[in-house]
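Next come the chains, spelled out residue by residue.
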Amino acid sequence: MKVYIAGKIRKKSGREFLEEIDKLCKEIGLDTFLPHRDVGLAKNLKDVKRIFEGDIKKGMEDVQLIVAVLDGLHVGAGTAWELGYAYAKKIPAIGIKTDEPVKNALEYLSAILIGSMKIVNSLDELKKELIEIKKSI
């Protein structure tokens, strides 16, 4: 099973958390697609086509699950787009929000995001969910 790991990648701390999720996935035997690792970062507008082609056209091509980091005041624009695209392609998603309970985040996450996926609040919970999903396929 291949997992697309989505989240904010502009800051080093965001990338490091995505890499923790990547490590967790690999520990339980899942393949991963990690945009900043597998395609790179956009440094200027010349990179836009390469990023879109790599992240979406190739990166989402054969994924069976998306894990999305939902921390912060707002979900990243790219993450929200990736979640919508995955939903349209019937790719299930799991959100992870570690900075506050989901019940307190309605204003920031929106009912659309909350209603479209299961959301966990820790890496331990994420690991349990991933193990259950892996068992079911």
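Thresholds, definitions, all that
Residues numbered from 1 in each chain as written. Predicted model: local features only at pLDDT ≥ 70, side-chain atom pairs only at ≥ 80, totals over all residues. Heavy atoms only, no water. Helix = DSSP H or I, 4+ residues; strand = E, 2+ residues; numbered from the N terminus. Buried < 20%, exposed > 50% of the residue type's maximum accessible area, 1.4 Å probe, protein only. Lys, Arg positive; Asp, Glu negative; His and termini not counted. Salt bridge = Lys/Arg side-chain N within 4 Å of Asp/Glu carboxyl O. Contact = heavy atoms within 4.5 Å. Pairing = 2+ DSSP bridges. Axes fitted to C-alpha atoms, helices over the stretch in contact; angles between N-to-C directions. Core = buried A, V, L, I, M, F, W, Y, C linked by side-chain atoms within 4.5 Å. Right-handed = clockwise from strand over helix to strand, strands pointing away. Expected span 1.5 Å × (residues − 1). Arc of directions from axis to C-beta.

Colleague: Lay out the side chain of E82 with the relevant residues and their values.
Modeller: Structurally, E82 is set in helix α4 (residues 77–88). The buried charged residue E82 lacks any salt bridge, with R10 as its nearest oppositely charged partner at 11 Å. Excluding residues that lie within four positions of it along the chain, E82 makes contacts with Y4, A6, D55, I56, M60 and I66.

Colleague: So, the sheet that holds strand β1 (residues 2–6): which residues are in play, and what are the values?
Modeller: If you trace the five strands from one edge of the open sheet to the other, you get β2-β1-β3-β4-β5, paired in parallel fashion. Whereas interior strands pair on both sides, the edge strands pair on one side only; in this sheet they are β2 (31–33) and β5 (118–120). For this sheet the average axis-to-axis angle between neighbouring strands, irrespective of direction, equals 25°. Relative to β5, strand β4 (residues 93–96) is paired through three bridges, and the arrangement is parallel. Residue pairing for β5: I96 is matched across the bridge by V120. Sitting on the sheet, helix α6 (residues 123–136) touches β3 (65–69), β4 and β5, and the angle it makes with β4 is about 170°.

Colleague: Outline the pattern of salt bridges, listing residues and values.
Modeller: A side chain with one charge can pair with a side chain of the opposite charge if their charged atoms come near. Counted under the stated rule, the structure contains eleven salt bridges. The shortest N-O distance in the salt bridge between K2 and D62 comes to 2.9 Å. Taken together, the residues span a long stretch of sequence, with K2 in strand β1 and D62 in the loop between α3 (48–58) and β3 at a distance of 60 residues. On the basis of relative accessibility, which here comes to 18%, the residue K2 falls in the buried class. The salt bridge involving D47 is made with R50; its shortest N-O contact spans 3.6 Å. On the accessibility criterion, R50 (38% relative accessible area) is partly exposed.

Colleague: Just give me the short version of the nonpolar core, but keep the residues and values in it.
Modeller: Counting 21 residues, the largest nonpolar core has Y4, M60, I66, L70, L83, L109 and M117 as its most contacted members. Mapped by element, the contributors of at least two residues to this core are β1, α3, β3, α4 and α5 (106–116). Those residues in contact with I66, other than ones at most four positions away along the chain, are Y4, A6, M60, E82, L83, A86, I91, P92, A93 and I94. Formed by 20 residues, the second largest nonpolar core is a distinct cluster that contains C25, I28, L34 and V67.

Colleague: Mind laying out the pairing of β3, listing which residues take part and the relevant values?
Modeller: Of all five residues in β3, five are buried, a share of seventy percent or more. Burial along β3 is two-sided: L65, V67 and V69 facing one way and I66 and A68 facing the other are all buried. In this structure, β3 lies alongside β4, joined through four bridges in parallel fashion. In the sheet register, I66 faces β4, and the bridge partner there is A93. Crossover connection from β3 via α4 to parallel β4: handedness right-handed.

Colleague: Tell me about α4, and please be specific about residues and values.
Modeller: In an α-helix, one turn spans 3.6 residues; hence positions three or four apart end up facing the same way. Here α4 spans 17 Å end to end across twelve residues, near enough to the 16 Å set by a 1.5 Å rise per residue. Residues of α4 that are buried: T79, E82, L83 and A86. Buried residues of α4, seen end-on, are gathered within an arc of 100° and therefore sit on one face of the element. What points out from α4, more than 90 degrees from its buried face, is the exposed set A77 and A88. Following α4 by one or two positions, K90 has its phi on the positive side, about 65°.

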